[in-house]
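# Chains, contacts and geometry: an overview
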Amino acid sequence: MKKINVFVVPVHGTVLYPYQNLKLRLTELQFYDAKVNNNYVAIVPVVDQQVDGIQRIQRFSQYGTLVRLTSEDYTVYASNKIYQAFSFARIKIDSIIKSTPYYMVSAEVLGDEIVDEQGLWSSQIIDQLKELAKQYLEQFQMNPSPQFLQIIQEEKNINKLFFTIASNADLPYSQKLKLLQIDDHKTKITLLIQYLKTKVEEFAQTKALEQKVSKDLMQQMSKQVNKSSNLPTNLPGFPYQKQKNNDIEKLQAKIKEANLPDHVREIVEQEMQKIEKGSMGVDSNVTRNYIDLILQLPWNQQVEESLSIEKCKETLDADHFGLTKVKERILQFLAVKKLRKERKVADSNGQGSIICFFGPPGVGKTSLGQSIAKSLNRPFYRIALGGVSDEAQIRGHRRTYVGAFPGSFIQAIKKVKCKNPVILLDEIDKLTSNHRGDPSSALLEVLDPEQNSHFMDNYLNIEFDLSSVLFIATANQLETIQPALRDRLELIEIVGYTVKEKAAIANSYLIPKQLQKNGLVNEQVTIPQEIIHKIIKQHTSEAGVRQLERVIAKIYRNIALKYVTDQQNFKTIVVDQESLIEILGPSIHSDKHTTPLISIPGVCKGLAWTPAGGKVLMIESVKMEGKGKFEITGMKVQEQQFGWIKAYWPQIKILSKSNTNINFDALDIHIHFPAGATPKDGPSAGVAITTAIVSLLTGLKVKSDIAMTGEITLTGRVLPVGGIKEKILGAFESGIFSVIIPHRNKANLVDVEPEIREKMSIHLVKTIDQVLQIALEGNGPNFKMINLANL
Ligand SMILES: Nc1ncnc2c1ncn2[C@@H]1O[C@H](COP(=O)(O)OP(=O)(O)OP(=O)(O)O)[C@@H](O)[C@H]1O
């Protein structure tokens, strides 16, 4: 048996079996180590407590699964790198080799080849397993794809068949662990068969019980009514039957009134016949609900749209301050839509046919969607896609499943009662996928103008035309949107607001809105301008204005209470610093110009993008005798940066060696990001980290009034980064007026208000040596252009 040393990715509450494709989140360091190790990684369940029959080694299950990365490509999700991998064998851990910075184990790779020497795995057992799996999946997995069922039916490799079924069965954690740990094939297959059998039988019993209860109930009802009535009793089930007949008549009348297309009417009539026959027991309720849904859907109803560009402009201006470019893009989009409609040009390939607003929270993405609906005179409906991982939430469940319901789109259409609403797909970047299907692909179909006129919801099971819906999407970030989906979107970025813009939004929009919401009028309360600025700077921390709106609402609620408590003596309240503290408590953020201007070698200021706007980020580094190690603290994804530094190490050496002679192998470096709560993304701090280390090693201080952002390559080129406007504003608001940014971000400077731009000195750089020349103190440190041939 093969022995292997491999590092462990611990998993909690879940068990991975062989033969599965999976997505694996790895830090850079883990990725490098996996690469060194032939791309192997072990996935091992954590078993914190003693569980009967489960073998453990320290806090781990003694058995795990060996996984191999299938590609070096990765996607980034929430600053983590996600790699594709495949699990192909069980392992049994012999010993733990090390536990820091992560666990490394020595393990035996288990072949698990099932040889059917004595005819043990007769086709009967296999057929039984396949049949049970089919029944189980159909009953409990709401919507197993036909392809998946076919794969199971056709699988010849017994081991693969076993693990595929076990992976898809909803087994308790301890059972899953047990199946992973059993070496004897016969035992484990028998155990799985037993489990599936019990579940399938339980399901059949519950169903039979349901039918019996409903039948008994009907009999009891008709008996009781018959006893207490003088009416003839020769009709079966009378008068329950009479009540039922009434219901059917009402339903028939409704169907007659409804303006259903012919093909829909046919289906409804077929369903009605089933109810009339009365043979369906509890299922008749399901059918009634189904018919009800069909009757409520607006098969032909459209609201009259008013596509007047002037009206749209007026509405957008009335609801939103500023956002000139965004509004212009929206109007252009609508103008094109109008022309296409007039010339009857179809949205052929669907590219860019859906607007997507992206940017930080609270900048007005959702409310712009509402304004567009208002200006077009169409109803508005918001579908929250955040965290949706089940395809059925988009496409609905088949009616045969207990508790089935239609997908979000059919529900939306039912609610708005017309075929042409504006539907806002909120947080399209937060869709995830799992074994229950990929909601992004389902969404693609919904959004594709060529397909969405025949949209098929599993529950409705009749095509519904979604082509008249105007879809608008919102997202906080673009990286996590599936590429094909992203391709469909007309992206419109909304960046954060400056303090001045926020104050203007407060004055013209939030204050009037909240005054009205809280039943107050202008004469009762005034918030002076300097207090509005204080609220923005000291009581909120955001790129948008949502917290600001909340704080204003809180102030007004307080004043409303004062007014109602003592109306007679009430005088106009002018909110001042004291009442601010009384209502909101002490400020959560200090005012501007707060960045310490200390300057010692190894300390440098970076710029970070956060959902709450740009922030100046202190980076501190120290060196000590050691063995050439890096340690990083205060950063969310520590190892990632660690890996990055490793990659840049030769270059940092070259740069710093130009002035000093250091034995790097006898040196440890510790880098610290003091504001632990500020999220920092690794790559865009690259320039600042390099500068801090070069400063530390050369003893040259970094100028204290300068901050920087940029990613650097191995060859010392400075690459562009995101969030430039927010970062420059963040620097400005904390009293740093000199910033270094990548030259390739020059185009983003137009987003920064001219007033701020004029007050700042903005250095555009192409290489790290330019950064060092500008940032380091002294008489122009002589960092030469890096010679690529030397690296
Ligand atoms: N430019 C603006 N003018 C007037 N009001 C605004 C502006 N921007 C945002 N608001 C107001 O701020 C509040 C929050 O906006 P909204 O809910 O649309 O944010 P969002 O960008 O959709 O946030 P999230 O990403 O968290 O969903 C709303 O009341 C909205 O009207």
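For clarity, every value in this text was computed on a predicted model and none was experimentally measured.

Time to look at the packing of helix α22 (residues 686–698) against helix α25 (residues 768–775). The description of two packed helices rests on the angle between their axes and on the distance between the axes. At a closest axis distance of 10 Å, the pairing of α22 and α25 adopts a crossing angle of 60°. In terms of their interaxial angle, α22 and α25 are classed as oblique. Crossing handedness for the pair α22 and α25: right-handed. Each of Val687, Thr690, Thr691 and Val694 in α22 lies in contact with α25, whose residues at this interface are Ile768, Val771, Leu772 and Ala775. In the contact of α22 with α25, the residues fall into six nonpolar, two polar and no charged.

Averaged over every residue, the pLDDT of the protein is 79; the share at 70 or more is 82%. The lowest-confidence element of the protein is helix α21 (residues 638–657), averaging 52 in pLDDT; the highest-confidence one is strand β25 (residues 738–742), averaging 95. Confidence drops under pLDDT 50 across residues 231–240; counting only partners more than four residues distant or on other chains, this segment forms 15 contacts. Long-range and interchain partners of residues 348–352, a stretch whose pLDDT sits below 50, account for nine contacts in this model, where long-range means more than four residues apart. Scoring of the predicted complex yields 0.58 for pTM and 0.95 for ipTM.

Across the sheet, which stays open at both edges, the seven strands sit in the order β20-β21-β19-β18-β22-β25-β26 with mixed pairing between neighbours. Across the chains shown, the open sheet's two edge strands, defined by having one partner strand only, are β20 (630–633) and β26 (761–765). For this sheet, the mean angle separating the axes of adjacent strands, direction not counted, is 30°. Two elements, strand β19 (residues 613–625) and strand β21 (residues 667–672), share six bridges in a ladder whose sense is antiparallel. Pairing of Lys623 across the sheet is with Ile669, part of β21. Packed on one face of the sheet, α22 meets β18 (603–610), β19, β21 and β22 (706–708) and runs near 35° to β19.

This part takes up the UniProt feature "binding site: ATP" (unreviewed entry) in the protein. Look at the UniProt record and you will see "binding site: ATP" (unreviewed entry) annotated at Gly359, Pro360, Pro361, Gly362, Val363, Gly364, Lys365 and Thr366. Tracing the sequence through the fold places Gly359 in the loop between β9 (354–358) and α12 (365–376). If near-sequence neighbours (up to four positions away) are discounted, Gly359 is found in contact with Lys365, Glu493, Ile494 and Val495. With respect to the element layout, Lys365 can be found in helix α12. The residues contacting Lys365, other than those within four sequence positions of it, are Phe357, Gly359, Thr474 and Ile494.

In this section: the sheet that holds strand β15 (residues 489–493). With parallel pairing, five strands are arranged side by side in an open sheet as β10-β11-β14-β9-β15. Edge positions in the sheet fall to β10 (380–384) and β15, since each of these pairs with one other strand and no more. Each neighbouring strand pair of the sheet contributes to a mean axis angle of 25°, computed without reference to strand direction.

Lining the immediate surroundings of the ligand are 19 residues, of which Pro361, Gly364, Lys365, Thr366 and Ser367 lie closest. At three residues, α12 tops the list of elements feeding residues into the shell around the ligand. Residues that form the shell around the ligand fall into these classes: seven nonpolar, nine polar and three charged.

Looking now at unusual backbone geometry. Backbone geometry places Asn39, a non-glycine residue, at a positive phi of 70°. Position of Asn39 among the secondary structure elements: in the loop between α1 (28–36) and β3 (40–46). In this structure, Asn461 takes a positive phi of about 60° despite not being glycine. Turning to its location among the elements, Asn461 is positioned in the loop between β12 (455–456) and β13 (463–464). Exposure remark for Asn461: the 14 C-beta atoms within 10 Å place this residue in the partly exposed category.

Our focus in this paragraph is helix α23 (residues 724–733). Of all ten residues making up α23, ten are buried, and the element is well covered by its neighbours. Listed as buried for α23 are Ile724, Lys725, Glu726, Lys727, Ile728, Leu729, Gly730, Ala731, Phe732 and Glu733. In the segment just after α23, Gly735 is the residue with positive phi, at about 85°.

Moving on, we come to the environment of Gly626. Of note, Gly626 is situated in the loop between β19 and β20. C-alpha of Gly626 to C-alpha of Asp665: the two residues are 39 residues apart in sequence and 7.5 Å apart in space. Ignoring any residue separated from it by four or fewer positions in sequence, one finds Gly626 in contact with Ala666, Leu667 and Asp668.

Turning next to the nonpolar core. In globular proteins that are soluble, nonpolar side chains generally tend to be buried together. Membership of the largest hydrophobic core comes to 76 residues, with the highest contact counts inside it found for Cys356, Phe471, Ile472 and Ala473. The greatest single-element share of this core, amounting to six residues, is contributed by helix α19 (residues 546–565). Those residues in contact with Cys356, other than ones at most four positions away along the chain, are Ile428, Ala473, Thr474, Ala475, Leu489, Glu490, Leu491 and Ile492.

Procedures and definitions
Residues numbered from 1 in each chain as written. Predicted model: local features only at pLDDT ≥ 70, side-chain atom pairs only at ≥ 80, totals over all residues. Axes fitted to C-alpha atoms, helices over the stretch in contact; angles between N-to-C directions. Helix = DSSP H or I, 4+ residues; strand = E, 2+ residues; numbered from the N terminus. Parallel < 35°, antiparallel > 145°, perpendicular 65-115°, else oblique. Left-handed = near helix turned anticlockwise from the far one by under 90°. Contact = placed C-beta atoms within 7 Å. Nonpolar A, V, L, I, M, F, W, Y, C, P; charged D, E, K, R; others polar. pLDDT = per-residue confidence, 0-100. Pairing = 2+ DSSP bridges. UniProt positions renumbered as here; feature names shortened; annotations may be inferred. Near = placed C-beta within 6 Å. Buried ≥ 20, exposed ≤ 12 C-beta atoms within 10 Å, placed from the backbone. Core = buried A, V, L, I, M, F, W, Y, C linked by C-beta atoms within 7 Å.

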